[in-house]
Amino acid sequence: MRRLLLLAPLLLFTAGCAVVQSSEDEATDVAREVARKAGERLYGQRPRTAEEVGRSASGIDGVEVLRVTGTSTHDGDGVDVVVRTSGSAYNRWRDAEEVVVRRCFAVRVSPESEWREDPRDVDCPDGPPLTFAPPPEPPRLPYKELRARLPRVPEGGRVDEAAVRRTLAVLDLDPAIRTEVKADGGRVGVLLSVKGNGFDPQDCLLARVVPGATEVWVPPRIQRMPGEGGCTVGNALDPAPPPH
(Lines give C-alpha, C1' and ligand atoms only; values in the text may rest on other atoms or scores of the structure.)
Protein backbone atom coordinates (compact mmCIF):
# COMPACT_ATOMS: atom_id res chain seq x y z
CA MET A 1 0.00 0.00 0.00
CA ARG A 2 2.83 2.38 0.90
CA ARG A 3 4.46 1.72 -2.51
CA LEU A 4 1.18 2.58 -4.24
CA LEU A 5 0.94 5.83 -2.28
CA LEU A 6 4.46 6.76 -3.34
CA LEU A 7 3.72 5.99 -6.98
CA ALA A 8 0.51 8.06 -7.09
CA PRO A 9 2.17 11.51 -7.29
CA LEU A 10 4.56 10.22 -9.94
CA LEU A 11 1.67 8.92 -12.04
CA LEU A 12 -0.16 12.21 -11.71
CA PHE A 13 2.97 14.12 -12.72
CA THR A 14 3.49 11.86 -15.73
CA ALA A 15 -0.15 12.19 -16.82
CA GLY A 16 0.03 15.97 -16.45
CA CYS A 17 3.17 16.17 -18.61
CA ALA A 18 1.45 14.19 -21.36
CA VAL A 19 -1.06 16.97 -22.02
CA VAL A 20 1.36 19.90 -21.78
CA GLN A 21 2.37 21.30 -25.16
CA SER A 22 6.01 21.41 -26.07
CA SER A 23 7.56 24.82 -26.61
CA GLU A 24 7.85 24.05 -30.33
CA ASP A 25 4.10 23.39 -30.51
CA GLU A 26 3.39 26.61 -28.64
CA ALA A 27 5.67 28.55 -31.00
CA THR A 28 3.90 26.97 -33.98
CA ASP A 29 0.55 28.10 -32.59
CA VAL A 30 1.92 31.64 -32.37
CA ALA A 31 3.06 31.45 -36.01
CA ARG A 32 -0.36 30.09 -37.01
CA GLU A 33 -2.08 32.99 -35.27
CA VAL A 34 -0.01 35.45 -37.32
CA ALA A 35 -1.21 33.68 -40.48
CA ARG A 36 -4.81 33.73 -39.22
CA LYS A 37 -4.64 37.48 -38.61
CA ALA A 38 -3.22 37.92 -42.10
CA GLY A 39 -6.29 36.08 -43.40
CA GLU A 40 -8.48 38.53 -41.48
CA ARG A 41 -6.70 41.44 -43.15
CA LEU A 42 -7.20 39.87 -46.57
CA TYR A 43 -10.83 38.90 -45.96
CA GLY A 44 -13.49 40.79 -47.93
CA GLN A 45 -16.05 40.60 -50.70
CA ARG A 46 -14.35 43.03 -53.07
CA PRO A 47 -13.09 41.31 -56.25
CA ARG A 48 -9.29 41.30 -56.45
CA THR A 49 -6.74 39.72 -58.74
CA ALA A 50 -4.23 37.22 -57.42
CA GLU A 51 -1.52 39.88 -57.76
CA GLU A 52 -3.53 42.34 -55.68
CA VAL A 53 -4.04 39.75 -52.95
CA GLY A 54 -0.36 38.79 -52.96
CA ARG A 55 0.72 42.42 -52.84
CA SER A 56 -1.59 43.09 -49.89
CA ALA A 57 -0.34 40.02 -48.03
CA SER A 58 3.30 40.96 -48.57
CA GLY A 59 2.67 44.29 -46.86
CA ILE A 60 1.51 42.68 -43.59
CA ASP A 61 4.09 42.73 -40.80
CA GLY A 62 5.59 39.34 -40.01
CA VAL A 63 4.38 37.73 -43.25
CA GLU A 64 6.40 36.46 -46.20
CA VAL A 65 4.51 35.44 -49.35
CA LEU A 66 5.99 32.34 -50.95
CA ARG A 67 3.30 31.31 -53.43
CA VAL A 68 0.08 32.68 -54.92
CA THR A 69 -2.29 30.44 -56.89
CA GLY A 70 -5.54 31.24 -58.64
CA THR A 71 -6.63 34.02 -60.95
CA SER A 72 -8.88 36.19 -58.83
CA THR A 73 -10.89 36.02 -55.63
CA HIS A 74 -14.14 35.52 -57.56
CA ASP A 75 -12.94 32.86 -60.01
CA GLY A 76 -13.20 29.19 -59.08
CA ASP A 77 -12.02 28.53 -55.53
CA GLY A 78 -10.54 32.00 -55.22
CA VAL A 79 -6.91 32.78 -54.43
CA ASP A 80 -4.64 30.69 -52.21
CA VAL A 81 -1.67 32.45 -50.61
CA VAL A 82 1.11 30.47 -49.00
CA VAL A 83 2.67 32.60 -46.28
CA ARG A 84 5.62 32.00 -43.98
CA THR A 85 5.42 33.30 -40.45
CA SER A 86 7.41 32.84 -37.26
CA GLY A 87 6.54 32.23 -33.64
CA SER A 88 8.39 31.84 -30.38
CA ALA A 89 7.83 30.31 -26.95
CA TYR A 90 9.85 29.92 -23.80
CA ASN A 91 9.29 27.75 -20.75
CA ARG A 92 11.94 28.39 -18.14
CA TRP A 93 11.39 24.94 -16.60
CA ARG A 94 12.04 23.08 -19.85
CA ASP A 95 13.99 25.32 -22.24
CA ALA A 96 17.54 26.52 -22.01
CA GLU A 97 16.62 29.37 -24.39
CA GLU A 98 13.68 30.70 -26.36
CA VAL A 99 12.34 28.36 -29.06
CA VAL A 100 11.72 30.07 -32.42
CA VAL A 101 10.07 28.38 -35.41
CA ARG A 102 9.21 29.39 -38.96
CA ARG A 103 6.17 27.74 -40.47
CA CYS A 104 4.14 27.96 -43.66
CA PHE A 105 0.38 28.17 -43.98
CA ALA A 106 -2.10 28.48 -46.85
CA VAL A 107 -4.65 31.28 -46.57
CA ARG A 108 -7.69 31.20 -48.86
CA VAL A 109 -9.21 34.46 -50.10
CA SER A 110 -12.64 34.03 -51.66
CA PRO A 111 -16.24 35.17 -51.18
CA GLU A 112 -16.76 31.69 -49.70
CA SER A 113 -14.05 32.17 -47.08
CA GLU A 114 -15.16 32.34 -43.48
CA TRP A 115 -14.20 35.09 -41.06
CA ARG A 116 -11.14 34.00 -39.04
CA GLU A 117 -10.88 30.83 -41.12
CA ASP A 118 -8.05 28.60 -39.87
CA PRO A 119 -5.06 28.63 -42.24
CA ARG A 120 -3.89 25.22 -43.45
CA ASP A 121 -0.47 23.87 -42.45
CA VAL A 122 1.62 23.32 -45.60
CA ASP A 123 5.23 22.60 -46.49
CA CYS A 124 7.24 25.69 -47.28
CA PRO A 125 7.95 26.05 -51.02
CA ASP A 126 11.55 26.42 -52.11
CA GLY A 127 12.82 29.83 -53.08
CA PRO A 128 12.83 33.35 -51.69
CA PRO A 129 9.69 35.34 -50.82
CA LEU A 130 7.79 36.82 -53.75
CA THR A 131 8.03 40.52 -54.50
CA PHE A 132 5.33 42.63 -56.10
CA ALA A 133 5.51 45.81 -58.09
CA PRO A 134 3.63 48.75 -56.57
CA PRO A 135 0.10 49.19 -57.93
CA PRO A 136 -0.27 51.63 -60.82
CA GLU A 137 -1.18 55.11 -59.71
CA PRO A 138 -4.62 56.26 -60.90
CA PRO A 139 -4.50 59.28 -63.20
CA ARG A 140 -4.67 62.62 -61.45
CA LEU A 141 -7.90 64.53 -61.91
CA PRO A 142 -6.98 68.07 -63.10
CA TYR A 143 -8.79 70.18 -60.49
CA LYS A 144 -6.67 73.33 -60.81
CA GLU A 145 -6.45 73.19 -64.61
CA LEU A 146 -10.19 72.69 -65.03
CA ARG A 147 -10.98 75.49 -62.61
CA ALA A 148 -8.61 77.86 -64.42
CA ARG A 149 -9.82 77.09 -67.95
CA LEU A 150 -13.59 76.72 -67.68
CA PRO A 151 -15.44 79.74 -69.09
CA ARG A 152 -16.81 82.42 -66.77
CA VAL A 153 -20.20 83.65 -67.91
CA PRO A 154 -21.52 86.97 -66.59
CA GLU A 155 -24.93 87.33 -65.00
CA GLY A 156 -27.56 87.39 -67.70
CA GLY A 157 -25.21 85.73 -70.18
CA ARG A 158 -25.56 82.42 -71.95
CA VAL A 159 -23.48 79.34 -71.21
CA ASP A 160 -21.99 77.78 -74.36
CA GLU A 161 -21.85 73.99 -74.04
CA ALA A 162 -19.46 73.76 -77.01
CA ALA A 163 -17.00 76.08 -75.24
CA VAL A 164 -17.05 73.80 -72.20
CA ARG A 165 -16.35 70.77 -74.38
CA ARG A 166 -13.47 72.59 -76.07
CA THR A 167 -12.00 73.28 -72.65
CA LEU A 168 -11.95 69.56 -71.85
CA ALA A 169 -10.32 68.81 -75.21
CA VAL A 170 -7.54 71.31 -74.52
CA LEU A 171 -6.76 69.65 -71.18
CA ASP A 172 -5.52 66.53 -73.04
CA LEU A 173 -6.87 64.19 -70.36
CA ASP A 174 -5.53 60.74 -69.60
CA PRO A 175 -7.55 58.14 -71.58
CA ALA A 176 -8.49 56.46 -68.28
CA ILE A 177 -10.44 59.59 -67.25
CA ARG A 178 -14.07 59.41 -68.32
CA THR A 179 -15.77 62.71 -69.20
CA GLU A 180 -19.41 63.61 -69.40
CA VAL A 181 -20.96 66.98 -70.24
CA LYS A 182 -24.65 67.82 -70.00
CA ALA A 183 -26.56 71.04 -70.58
CA ASP A 184 -29.86 71.75 -68.85
CA GLY A 185 -31.84 74.94 -68.33
CA GLY A 186 -29.02 77.29 -69.21
CA ARG A 187 -26.51 75.39 -67.07
CA VAL A 188 -23.73 73.01 -68.08
CA GLY A 189 -22.52 70.22 -65.81
CA VAL A 190 -19.23 68.37 -66.13
CA LEU A 191 -18.13 65.02 -64.71
CA LEU A 192 -14.55 63.71 -64.76
CA SER A 193 -14.19 60.27 -63.19
CA VAL A 194 -11.90 57.27 -62.91
CA LYS A 195 -13.40 53.79 -62.94
CA GLY A 196 -13.87 52.46 -59.42
CA ASN A 197 -13.87 48.92 -58.09
CA GLY A 198 -17.50 48.96 -56.98
CA PHE A 199 -16.64 48.87 -53.28
CA ASP A 200 -14.41 51.83 -52.39
CA PRO A 201 -15.12 55.56 -52.94
CA GLN A 202 -14.78 56.52 -56.58
CA ASP A 203 -12.43 59.29 -57.71
CA CYS A 204 -14.34 62.02 -59.50
CA LEU A 205 -14.41 65.74 -60.13
CA LEU A 206 -17.54 67.80 -60.75
CA ALA A 207 -17.98 71.22 -62.33
CA ARG A 208 -20.91 73.48 -63.07
CA VAL A 209 -20.99 76.55 -65.29
CA VAL A 210 -23.94 78.89 -64.82
CA PRO A 211 -24.32 82.59 -65.51
CA GLY A 212 -22.52 84.38 -62.72
CA ALA A 213 -20.69 81.35 -61.29
CA THR A 214 -18.27 78.60 -62.31
CA GLU A 215 -17.65 75.93 -59.69
CA VAL A 216 -15.33 72.92 -59.50
CA TRP A 217 -15.39 70.48 -56.56
CA VAL A 218 -14.87 66.95 -55.33
CA PRO A 219 -17.98 65.42 -53.73
CA PRO A 220 -17.71 64.26 -50.10
CA ARG A 221 -16.46 60.72 -49.59
CA ILE A 222 -19.87 59.37 -48.55
CA GLN A 223 -21.39 60.64 -51.79
CA ARG A 224 -18.65 58.92 -53.81
CA MET A 225 -19.47 55.50 -52.37
CA PRO A 226 -21.07 53.04 -54.85
CA GLY A 227 -24.78 53.67 -55.25
CA GLU A 228 -24.74 57.14 -53.66
CA GLY A 229 -24.88 59.03 -56.96
CA GLY A 230 -22.18 61.55 -56.11
CA CYS A 231 -20.08 60.85 -59.20
CA THR A 232 -22.73 61.67 -61.81
CA VAL A 233 -23.23 64.58 -64.14
CA GLY A 234 -26.66 65.01 -62.56
CA ASN A 235 -24.94 65.77 -59.26
CA ALA A 236 -22.88 68.38 -61.08
CA LEU A 237 -26.01 70.11 -62.34
CA ASP A 238 -27.95 69.80 -59.08
CA PRO A 239 -25.46 69.18 -56.24
CA ALA A 240 -26.69 67.05 -53.40
CA PRO A 241 -26.42 68.76 -49.98
CA PRO A 242 -23.32 67.81 -48.01
CA PRO A 243 -23.78 65.06 -45.40
CA HIS A 244 -24.19 66.14 -41.79
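A quick note: this is a predicted structure, and the numbers were derived from the prediction, not measured.

Cut-offs applied
Residues numbered from 1 in each chain as written. Predicted model: local features only at pLDDT ≥ 70, side-chain atom pairs only at ≥ 80, totals over all residues. Heavy atoms only, no water. Helix = DSSP H or I, 4+ residues; strand = E, 2+ residues; numbered from the N terminus. Rg over C-alpha atoms; globule rule 2.2 N^0.38 Å. Buried < 20%, exposed > 50% of the residue type's maximum accessible area, 1.4 Å probe, protein only. Contact = heavy atoms within 4.5 Å. Areas by Shrake-Rupley, 256 points an atom, 1.4 Å probe, with all protein chains shown as cover. Lys, Arg positive; Asp, Glu negative; His and termini not counted. Charge placed at Lys NZ, Arg CZ, Asp CG, Glu CD. Pairing = 2+ DSSP bridges. Axes fitted to C-alpha atoms, helices over the stretch in contact; angles between N-to-C directions. Core = buried A, V, L, I, M, F, W, Y, C linked by side-chain atoms within 4.5 Å.

Chemist: I would appreciate a short explanation of the overall build of the protein in the present structure.
Modeler: If you tally the helices and strands in the protein, you get 6 helices and 8 strands. Reading the secondary structure of the protein in the N-to-C direction produces α-α-α-β-β-β-β-α-α-β-β-β-β-α. Expected size for 244 residues packed as a compact globule is a radius of gyration near 18 Å; at 30 Å, the protein overshoots this value by more than 25%. Seen through its C-alpha atoms, the protein measures out along the principal axes to roughly 115 × 40 × 35 Å. In the protein, which comprises 244 residues, the proportion classed as buried is 36%. Excluding contacts between residues fewer than 6 apart, the proportion of contacts in the protein whose partners are at least 24 apart in sequence is 53%. Summing over all exposed atoms, the protein offers an accessible surface of approximately 15,200 Å²; the carbon and sulfur share of this is 52%. Of the charged side chains in the protein, 33 are positive and 37 negative; the average position of the first set lies 4 Å away from that of the second.

Chemist: For this particular structure, what's the right way to read the sheet that holds strand E2 (residues 79-89)?
Modeler: The antiparallel open sheet is built from 4 strands, whose spatial order is E1-E2-E3-E4. Strand pairing shows two members of the sheet lacking a second neighbour, strand E1 (64-69) and strand E4 (120-122), which therefore form its edges. On average, adjacent strands in this sheet sit at an angle of 35° to one another, irrespective of strand direction. Where E2 meets strand E3 (residues 99-109), 11 bridges bridge the pair, whose relative direction is antiparallel. Across the sheet, residue Val-79 finds its bridge partner in E3, namely Val-109. Along the sheet, helix H2 (residues 23-42) makes contact with E2, E3 and E4, crossing E3 at roughly 30°. Docked against the sheet, helix H3 (residues 50-58) engages E1, E2 and E3, running at close to 165° with respect to E1.

Chemist: Please clarify how the environment of Cys-231 should be interpreted in this entry.
Modeler: Relative to the assigned elements, Cys-231 resides in the loop between strand E8 (213-217) and helix H6 (233-237). For Cys-231, a relative accessible area of 14% puts it in the buried group. Sequence separation between Cys-231 and Pro-128 is 103 residues; the distance between their C-alpha atoms is 44 Å.

Chemist: Any chance you could explain the sheet that holds strand E5 (residues 177-184) here in plain terms?
Modeler: Strand pairing in a sheet takes place through backbone hydrogen bonds and is either antiparallel or parallel in direction. Pairing within the open sheet is antiparallel, and its 4 strands lie in the order E5-E6-E7-E8. Lying at the two open borders of the sheet, with one neighbouring strand each, are E5 and E8. For this sheet, the mean angle separating the axes of adjacent strands, direction not counted, is 10°. Contacts from helix H5 (residues 161-170) reach E5, strand E6 (187-194) and strand E7 (204-210) within the one sheet, and its direction differs from that of E5 by about 170°.

Chemist: Help me out: how do you make sense of the nonpolar core in this one?
Modeler: As a rule of thumb, soluble globular proteins bury nonpolar side chains together. Residues Leu-146, Leu-150, Val-164, Leu-168, Val-190 and Leu-192 are the most contacted members of the largest nonpolar core, which totals 19 residues. Contributing elements (two or more residues each) for this core: H5, E5, E6 and E7. Residue contributions to this core peak at 4 residues, all from E6. The contact partners of Val-164, leaving out residues within four places of it in the chain, are Leu-150, Pro-151, Val-181, Val-188, Val-190 and Val-209. Counting 16 residues, the second-largest nonpolar core is a separate cluster that includes Ala-31, Val-65, Val-79 and Val-83.

Read these as layout, nothing more, since geometry by itself doesn't imply function.
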